[in-house]
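# Chain and residue survey
Residues per chain are reported as follows:
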Amino acid sequence: MNGFRFWTKITIQTLGKLCRQRMLLAGIVLLCLFLPLCLAPVAESALSQGVSFSGITLAIVGPEGSSVPAEAEKLLSNMRDVSQYCQVRAMTMEEALENLEQDQITAIMVLPEGFVSGVMYGTNPDLELIVPDDRPFEALLTLWVAQSASDMLSAIQSGI
């Protein structure tokens, strides 16, 4: 209990001193308000290298002759939360690499052989995610989306 009183007393004294120094308090408030507004454009410019962000276009590639990419495209396109920021297209590897070079897609997700059965049995085979080197913001966002999907899948599997 003494520790709580100590920190309460210190906090009240510090706030009291700050309130008496109105210019310092005003400066701290302005810093807290305007710093995020100033840093956001700088961060966006640094991460996107001047390219405006219009969402993610993800190409799904599977083993040759597999229907899993087309099924994943249909399933993910019907999910409203995903379709707000991500378009999914099923492609062959050659088409996907060509579209990635022409900046028509953001990333390629390569599904391994036996992906669906691996997910069903909990072995969770590794996916390969191919992103361009010249667009770090989109690559980071794509990696974050893929990691979030992986975490959700793991949570669902542990619940079953």
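First, a word on scope: everything that follows refers to the structure included in this document.

Parameters and conventions
Residues numbered from 1 in each chain as written. Predicted model: local features only at pLDDT ≥ 70, side-chain atom pairs only at ≥ 80, totals over all residues. Heavy atoms only, no water. Core = buried A, V, L, I, M, F, W, Y, C linked by side-chain atoms within 4.5 Å. Buried < 20%, exposed > 50% of the residue type's maximum accessible area, 1.4 Å probe, protein only. Helix = DSSP H or I, 4+ residues; strand = E, 2+ residues; numbered from the N terminus. Contact = heavy atoms within 4.5 Å. Patch = residues over 30% accessible without salt bridge, like charges linked within 9 Å, V, L, I, M, F, W, Y side chains within 5 Å. Areas by Shrake-Rupley, 256 points an atom, 1.4 Å probe, with all protein chains shown as cover. Salt bridge = Lys/Arg side-chain N within 4 Å of Asp/Glu carboxyl O. Lys, Arg positive; Asp, Glu negative; His and termini not counted. Charge placed at Lys NZ, Arg CZ, Asp CG, Glu CD. Phe/Tyr/Trp six-rings, centres within 6.5 Å; stacked < 30°, edge-to-face > 60°. Arc of directions from axis to C-beta. Pairing = 2+ DSSP bridges. Axes fitted to C-alpha atoms, helices over the stretch in contact; angles between N-to-C directions.

To continue, consider the nonpolar core. Judged by nonpolar contacts, Ile56, Leu58, Ile60, Ala72, Val82, Cys86, Val88, Ala107, Met109, Leu111, Phe115 and Val119 together constitute the single largest core of 12 residues. Only β1 (56–61), β2 (86–90), β3 (107–110) and α6 (115–120) provide two or more residues apiece to this core. When residues in this core are grouped by element, the largest group, 3 residues, is from β1. Setting aside residues up to four positions removed in sequence, Phe115 forms contacts with Pro125 and Leu127. In terms of nonpolar packing, the next biggest core, distinct from the first, is built from 8 residues, Met91, Leu100, Ile105 and Val110 among them.

Before going further, it helps to examine a negative patch on the surface. A cluster of like negative charges, contributed by Glu64, Glu94, Glu95, Glu98 and Glu101, occupies part of the molecular surface. Structurally, Glu94 is set in helix α5 (residues 93–101). On the accessibility criterion, Glu94 (61% relative accessible area) is exposed.

Turning our attention to the packing of aromatic side chains. By the definition in use, this model includes 1 aromatic pair. With centroids separated by 5.3 Å and ring planes inclined at 75°, the aromatic side chains of Phe6 and Trp7 adopt a geometry described as edge-to-face. Look at Phe6 and you get partly exposed, because its relative accessible area is 45%. The class for Trp7 is exposed, based on a relative accessible area of 57%.

It is worth spelling out α5 at this point. Regarding α5, the residues found buried are Ala96, Asn99 and Leu100. Seen along its axis, α5 keeps its buried residues to an arc of 100°; they face one direction. In this structure, α5 carries Glu94 and Glu101 as exposed residues pointing more than 90 degrees from its buried face. Residues of α5 that are buried sit in contact with β1, β3 and β4 (128–130). Directly beyond the C-terminal end of α5, a positive phi value near 60° is found at Asp103.

Overall, mixed pairing links the 4 strands, which are arranged β2-β1-β3-β4 in an open sheet. Edge positions in the sheet fall to β2 and β4, since each of these pairs with one other strand and no more. Along the sheet, successive strands turn relative to each other by an average axial angle of 25°, direction set aside. Inspection of the sheet shows β3 paired to β4 by 3 bridges, in the antiparallel sense. Residue pairing for β4: Ile108 is matched across the bridge by Ile130. Across the sheet, helix α3 (residues 68–77) lies against β1 and β2, angled at about 160° from β2, the strand it touches most. Across the sheet, α5 is in contact with β1, β3 and β4; its angle to β3 comes to roughly 160°.

Attention shifts here to a nonpolar patch on the surface. A cluster of nonpolar side chains, namely Val29, Leu30, Leu33, Phe34 and Leu37, defines an oily patch on the protein surface of about 490 Å² accessible area. Residue position: Leu37 is located in helix α2 (residues 22–48). Looking at Leu37, the relative accessible area reads 57%, which means it is exposed.

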